[in-house]
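# Coordinate analysis (summary)
Residues per chain, in single letters:
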Amino acid sequence: MTSATARRFRRLSPDRVKELILLGIIVGSVVVFGSFVDGYLSGRFFNRVTTSVVIVAILAAAQALVIFSRNIDLSVGSTVGVSAYLTADFLTANTWANPVVAMIIAMAVGAVLGSLNGLLVAYGRVPAIIVTLGTLAIFRTLISLYSGGANVLAGDLPDWVLGFNNLTVLSIAGFDLRLVFVIAVAVVVILQWALRRLRVGRRLYAIGSNPEAARQAGLAAPRLIMVSFVGAGALAGLAGFMFMVRAGTISATAGSGLELESVAAAVVGGVSIFGGSGTMFGAFLGAILIDTLELSLVRVPEVSEFWRDAALGILILLAVILDATLQRRFTRRLTREVRGPDATDQQSSDRSLSSVVGGGPVDE
Amino acid sequence: MVVLAITIVINVLLSPFYFGVDNFINLFWLSNEKIIVVVIMTFVIISGEIDLSVASVMGFSAAVMATVHQTGSFPLVVAILAGLGAGAIAGLLQGWVITRFALPSLVVTLAGLIGFRGAARVILEDESVGDFPAWFDAMGQQTLLGPLPVALVIFFVGLALAWITLERGAFGRKVYVIGNNADVARFSGVAVDSVKLRLFVTSGLVAGLAGILFAARLGSVRGSLAEFFELDIITMVLLGGVSIFGGSGTMFGVALAVFTVLNIRNGLGLANVDGIIQTGVIGVLLIASVLLPNLARRLGQVSARRRATAQAPP
């Protein structure tokens, strides 16, 4: 790399670099897979990926929102289940409702659930990991009680529900731009813009980056954390809507296990689990990368389908190692630029759980 | 502790047979193997880390053991050792990555959770491996010491050893210090990375043991063995008063929490309450166990402040 290119590269923020790397890996893997899998670079595959990634992509954005402020939300999977079930249930009784109404209901349900999380974390001062571990179970219990074991059947839902997933905005040579995908992209873009431009967004990052300093600077942490959890809940609700249009029949176990996928996607997308860094767009790309790899591996006949999870685990590991090394190198470079060539990086080696789990009482 | 007393009272009211030895054993029935892992998880969390992968390692070790056994060319004992080794290696791998790259254990063990579950599925695919020699099944189901099955004996022995190590031994002191402040520990000369590595290896090994015992009890191994157990395990540790931030907690507290959770599950189960709802109750308990002391403390502060301003001259 020439010094001119290096300088230009250095001017890019770490977040941009991470996003570009992710984009590069996605494109790269598509090229690699395309070369030895038949029919890979087809519209059908593109459509498959774009529709299947929607749920996890929205959840990754939700998770990122919470992780930025150094918290975590393990209850998103249960929130998806609750909102999917309740929305579907509502629709069977009110078949006049159109998609917009349904989306609003789903998001409202999610927001309510998210506010419980927010209350406990922000005002109850209970660490997010504990709260959401508990609400993961509690929400699931609530919907289990509500459903009484009965499923909401696809046949009872209004006709538009089942076709919603296939609605296409634009179609070029077999490559469809599905509506659900457009919605997901729109959500990510809006959130990315909001976090960058609005003061609320920057404060959220600040809390995650250094809670103590944020507190002394007078940032209203509880309110911001509350907002992030309510927002994450609303997003999870939207994901519940997406789940409903995808699945049709909803059971009380809908959405189980999605929380881990959402954290994985966010982490792969460069969102640091310590908070304070990473972007919405990165989380979105993380979700796409994971989904692309999963669906691609399935198409390679030599690789058994059971490799999916094992490969995913390795991927996450690599992503985190890469992210950590990048982070360290940038910090070192920044420190040197600010303090001069003899500066050392005085990083705390305390990577223990306490700096990750977040939400704990600062005045302990 | 209060909760435990209440649950015991409720249980006694529900059934006159509560104090029988049989029921005592029955209490543990569902969770024999889980609670063995709870013991090591206590150490891990006190040191400020977490291991989300334990349930997957349980499945992974069982899968390794089952496959080695299936080849027919090795005695079962070798297969079991292979399974234990697999567990230890799993722990070693994660521990190494965590200490070498200074990565958060939450993420690394999350990758482990997904990865090792996947590995178990790669090994076993969709099959279920059974057909173990009689003594293996017996080990899982029969009793060893008096009326106690093998797994329970291991649990109690492990609990005692853990208590001694944690609260009386030098190693235990190091674990607490590391949990409190890893940097301070390092500057005080504690080999932080070495301790953490050892903890993760032990975690993997114990998970492997638990997985194999579970397989012995079930009589067969599938790729989904012990799926989702990790939440229960972590909940039991946290309920026992161990701070998620590390640095505090007692083995006694955890033992009480284990007993409490088992009581609740047992009692609710007898009352025909669904498993999912049981988990919900435990979830409420978990949150309450941290929330209530917090609120109590805040109320105490508020009233103290009010008293102070009342006494101060206007």
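All of these numbers come straight from a predicted model, not from anything done at the bench.

### Remarks on the overall build of chain B
In terms of helices and strands, chain B carries 14 helices and four strands. Classification of the 314 residues of chain B by burial places 50% in the buried group. Once local pairs closer than 6 in sequence are excluded, the contacts in chain B between residues at least 24 apart make up 75%.

### Focus on the overall build of chain A
The helix and strand inventory of chain A stands at 15 helices and two strands. Across the 364 residues of chain A, 48% fall into the buried class. Restricting the contact set of chain A to residue pairs at least 6 apart, pairs at least 24 apart contribute 79%.

### Some points on the interface of chain B and chain A
Chain B puts 46 residues into the contact, and the matching count from chain A is 48 residues. Contributing elements (two or more residues each) for the side of chain B that touches chain A: α5 (76-101), α6 (105-124), α10 (182-187), α12 (229-239) and α14 (275-311) of chain B. In terms of residues, the side of chain B that touches chain A owes the most to one element, α6(B), which gives 15 residues. Its residues assigned to classes, the side of chain B that touches chain A shows 28 nonpolar, 11 polar and seven charged.

### Digging into the pairing of strand β2 (residues 175-178) of chain A
Residue and element names in this part refer to chain A. By the alternation rule, side chains of β2 split into D176 and R178, which are all buried, and F175 and L177, of which none is buried. Both strand β1 (residues 168-172) and β2 contribute to a ladder of four bridges, which runs antiparallel. Residue pairing for β2: I172 is matched across the bridge by F175.

### Side note on the domain arrangement of chain B
Residue and element names in this part refer to chain B. By the assigned domains, chain B splits into domain 1 (2-263) and domain 2 (274-314). With five residues of domain 1 at the contact, the number on the domain 2 side is four residues. No other element matches α12, which puts three residues into the side of domain 1 that touches domain 2. A class-by-class count of the residues in the side of domain 1 that touches domain 2 yields four nonpolar, one polar and no charged.

### A look at the confidence of the model for chain B
Close inspection of predicted coordinates is inappropriate in any region flagged by low pLDDT. All names here are of chain B. For chain B, per-residue confidence averages 80 on the pLDDT scale, and residues scoring 70 or more make up 85% of the total. Looking at the elements of chain B, mean pLDDT is at its lowest for helix α1 (residues 2-14), recorded as 52, and at its highest for α5, recorded as 90. Two numbers describe this predicted complex: its pTM, 0.82, and its ipTM, 0.79.

### With respect to the nonpolar core
If you look at the biggest cluster of nonpolar residues, it comprises 209 residues, and the most contacted ones within it are A:I58, A:A61 and A:I316. The greatest single-element share of this core, amounting to 16 residues, is contributed by helix α11 (residues 221-247) of chain A. Counting the residues that make up this core, at least three belong to each of domain 1 (2-263) and domain 2 (274-314) of chain B. Once residues within four sequence positions are removed from consideration, A:I316 is found in contact with A:A264, A:V267, A:V268, B:L110, B:A111 and B:I114.

### Focus on unusual backbone geometry
With a phi close to 55 degrees, A:R125 is a non-glycine residue in the positive phi region. Positionally, A:R125 belongs in the loop between α5 (99-123) and α6 (128-147). Backbone geometry at B:A102 places phi at a positive 50 degrees, although glycine is not the residue there. Along the polypeptide, B:A102 turns up in the loop between α5 and α6.

### Remarks on the environment of A:P99
Within the secondary structure, A:P99 sits in helix α5. In this structure, the C-alpha to C-alpha distance between A:P99 and A:L315, residues 216 residues apart in sequence, is 36 Å.

### Considerations on the packing of α5(B) against helix α11 (residues 192-218) of chain B
All names here are of chain B. At a minimum axis distance of 7 Å, the contact between α5 and α11 shows a crossing angle of 150 degrees. In terms of axis orientation, α5 runs roughly antiparallel to α11. In this structure, α5 meets α11 at a crossing whose hand is right-handed. Of the residues contributing to the contact of α5 with α11, the split by class is 15 nonpolar, 11 polar and two charged.

### A few points about helix α8 (residues 179-197) of chain A
The α-helix advances 3.6 residues per turn, and as a result positions three or four apart in sequence lie on the same side. Residue and element names in this part refer to chain A. With 19 residues, α8 ought to run about 27 Å at 1.5 Å a step, and its terminal C-alpha atoms sit 27 Å apart, in line with that. Within the span of α8, buried status applies to V180, F181, A184, V187, V188, L191 and L195. On an axial view of α8, the arc spanned by its buried residues comes to 125 degrees, and they lie on one face. Of the residues in α8, the exposed ones pointing more than 90 degrees away from the buried face are A186, I190, W193 and R197.

### Thoughts on the environment of A:L23
Residue and element names in this part refer to chain A. When you line up the elements, L23 lands in helix α2 (residues 14-36). Using a count of 15 C-beta atoms within 10 Å as the deciding quantity, one classes L23 as partly exposed. With 145 residues separating them along the chain, L23 and T168 place their C-alpha atoms 24 Å apart.

### Description of the confidence of the model for chain A
Residue and element names in this part refer to chain A. The predicted model of chain A averages 81 in pLDDT, with 86% of residues at 70 or higher. Looking at the elements of chain A, mean pLDDT is at its lowest for helix α15 (residues 354-357), recorded as 52, and at its highest for α5, recorded as 93. Low confidence marks residues 343-351, where pLDDT is under 50. Its contacts with residues over four positions away, or in another chain, come to 17 contacts. Here residues 358-364 is modelled with pLDDT under 50, and outside its nearest four sequence neighbours on either side it reaches 17 contacts, counting other chains as well.

Scoring rules and cut-offs
- Residues numbered from 1 in each chain as written.
- Chains lettered and ligands numbered in written order.
- Predicted model: local features only at pLDDT ≥ 70, side-chain atom pairs only at ≥ 80, totals over all residues.
- Helix = DSSP H or I, 4+ residues; strand = E, 2+ residues; numbered from the N terminus.
- Buried ≥ 20, exposed ≤ 12 C-beta atoms within 10 Å, placed from the backbone.
- Contact = placed C-beta atoms within 7 Å.
- Nonpolar A, V, L, I, M, F, W, Y, C, P; charged D, E, K, R; others polar.
- Pairing = 2+ DSSP bridges.
- Domains from an automatic or database assignment.
- pLDDT = per-residue confidence, 0-100.
- Core = buried A, V, L, I, M, F, W, Y, C linked by C-beta atoms within 7 Å.
- Axes fitted to C-alpha atoms, helices over the stretch in contact; angles between N-to-C directions.
- Parallel < 35°, antiparallel > 145°, perpendicular 65-115°, else oblique.
- Left-handed = near helix turned anticlockwise from the far one by under 90°.
- Expected span 1.5 Å × (residues − 1).
- Arc of directions from axis to C-beta.

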